Amino acid sequence: MPDWVEVILDRESLHAGDDAVSHGQRWMFPAVSTIYDLVIWIAGRYVPRLPGVHHWELFVDSDNTHEGWIPRGSTGWPHRGCPLGVLYTHTHDVGPVEELKDKVSLYLPGHWQLGGLARSARLEVTAGHTYGNPAEPLEIGTIYADSSFEGGRPIRVD
């Protein structure tokens, strides 16, 4: 395992004109840094702090080994890689102060080291801004009760 891992960060633009300058940045992390270290760093120093509640879907890739998992342009996402998790950022103008804590839902164990995650000494991490609450679990009964649930039944064809 290398001593350092180059982390290439990028994020999508939030509004017109935000994409006039590239958001790409390159950082060197110690290889023993964990996914937790990376997510805390992204929350505190990389994604913009805007008024309100914001959700950032994080994707990670190493040497394009997951190219095609999420094709560019797929459902509006220009990202590639393996889903890493969802980062929730909050600012002072929403809700009681005691509830304004950044949160994360990870799909990979947070204790994994970046050096072990990278197939070489490089990781690409992409942050996609989302609206709503993409990682909130729903009860199945809530889906049944929703007016958009049609109850369609598929037919097996093979």
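Residues numbered from 1 in each chain as written. Predicted model: local features only at pLDDT ≥ 70, side-chain atom pairs only at ≥ 80, totals over all residues. Heavy atoms only, no water.

Engineer: Let's hear about the overall build of the protein chain: which residues, and what values?
Structural biologist: Within the protein chain, the secondary structure is distributed over three helices and six strands. Ordered by position in the sequence, the α and β elements of the protein chain form the string β-β-α-β-β-β-α-β-α. A sequence separation of at least 24 residues applies to 67% of the contacts in the protein chain between residues at least 6 apart. Counting only carbon and sulfur atoms, one obtains 55% of the accessible surface of the protein chain, whose full area is about 10,000 Å². (Helix = DSSP H or I, 4+ residues; strand = E, 2+ residues; numbered from the N terminus. Contact = heavy atoms within 4.5 Å. Areas by Shrake-Rupley, 256 points an atom, 1.4 Å probe, with all protein chains shown as cover.)

Engineer: Lay out the sheet that holds strand S5 (residues 103-106) in plain terms, naming residues and giving numbers.
Structural biologist: Pairing within the open sheet is mixed, and its six strands lie in the order S2-S1-S6-S3-S4-S5. Where the open sheet ends on each side, the last strands, each with one partner, are strand S2 (25-30) and S5. Strand after strand, the sheet turns through a mean of 25° between neighbouring axes, direction not considered. Across six bridges, strand S1 (residues 4-11) lies against strand S6 (residues 122-130) in parallel orientation. Residue Arg-11 lies in a different strand from S6, and its bridge partner there is Ala-127. Along the sheet, helix H1 (residues 35-45) contacts S1, S2, strand S3 (53-61), strand S4 (82-90), S5 and S6; its crossing angle with S4, the most-contacted strand, is approximately 45°. (Pairing = 2+ DSSP bridges. Axes fitted to C-alpha atoms, helices over the stretch in contact; angles between N-to-C directions.)

Engineer: Describe the pairing of S6, naming the residues involved and giving the relevant values.
Structural biologist: Of all nine residues making up S6, eight are buried, and the element is well covered by its neighbours. As defined by bridge partners, S3 adjoins S6 across seven bridges and the pair is classed as antiparallel. If you follow Phe-59 over to S6, its bridge partner there is Thr-126. (Buried < 20%, exposed > 50% of the residue type's maximum accessible area, 1.4 Å probe, protein only.)

Engineer: Can you lay out the pattern of salt bridges for me, pointing to particular residues and giving the numbers?
Structural biologist: When charged atoms on two side chains of opposite charge get close, those side chains can pair. Going through the model one piece at a time under the given rule, you end up with two salt bridges. Close ionic contact of Arg-26 with Glu-6 constitutes a salt bridge, the shortest N to O distance being 2.4 Å. With Arg-26 in strand S2 and Glu-6 in strand S1, the pair connects residues that are 20 residues apart, well separated along the chain. On the basis of relative accessibility, which here comes to 64%, the residue Arg-26 falls in the exposed class. In this structure, the salt-bridge partner of Arg-122 is Glu-6, at a minimum N-O distance of 3.2 Å. Placement of Arg-122 in strand S6 and of Glu-6 in strand S1 is noted, with a sequence separation of 116 residues between them. Here the residues in one salt-bridge network are Glu-6, Arg-26 and Arg-122, joined through shared partners. (Salt bridge = Lys/Arg side-chain N within 4 Å of Asp/Glu carboxyl O.)

Engineer: A description of the nonpolar core should follow, citing residues and the corresponding values.
Structural biologist: Side chains of nonpolar character tend, in soluble globular proteins, to be buried together. Of all hydrophobic cores here, the largest spans 27 residues; its most connected members are Val-7, Leu-38, Ile-42, Val-60, Leu-87, Leu-114 and Leu-123. Ranked by residues supplied to this core, first place goes to H1 with six residues. Excluding residues that lie within four positions of it along the chain, Val-7 makes contacts with Gln-25, Arg-26, Trp-27, Phe-29, Leu-38, Leu-114, Leu-123 and Val-125. (Core = buried A, V, L, I, M, F, W, Y, C linked by side-chain atoms within 4.5 Å.)

Engineer: I'd like a description of the packing of aromatic side chains, backed by residues and values.
Structural biologist: Counted under the stated rule, the structure contains three aromatic pairs. Relative to Phe-149, the ring of Tyr-144 lies with its centre 5.1 Å away and its plane at 85°, an arrangement referred to as edge-to-face. Of the residues examined, Tyr-144 reaches a relative accessible area of 54% and is grouped as exposed. Three or more aromatic residues link up through ring pairs in this structure, and these residues are Trp-27, Phe-29 and Trp-41. (Phe/Tyr/Trp six-rings, centres within 6.5 Å; stacked < 30°, edge-to-face > 60°.)

Engineer: Which residues make up the environment of Gly-52, and what are the values?
Structural biologist: Tracing the sequence through the fold places Gly-52 in the loop between H1 and S3. Owing to a relative accessible area of 11%, Gly-52 belongs among the buried residues under this scheme. Separated by 38 residues in sequence, Gly-52 and His-90 place their C-alpha atoms 5.9 Å apart.

Just geometry here; none of it tells us what the structure is for.
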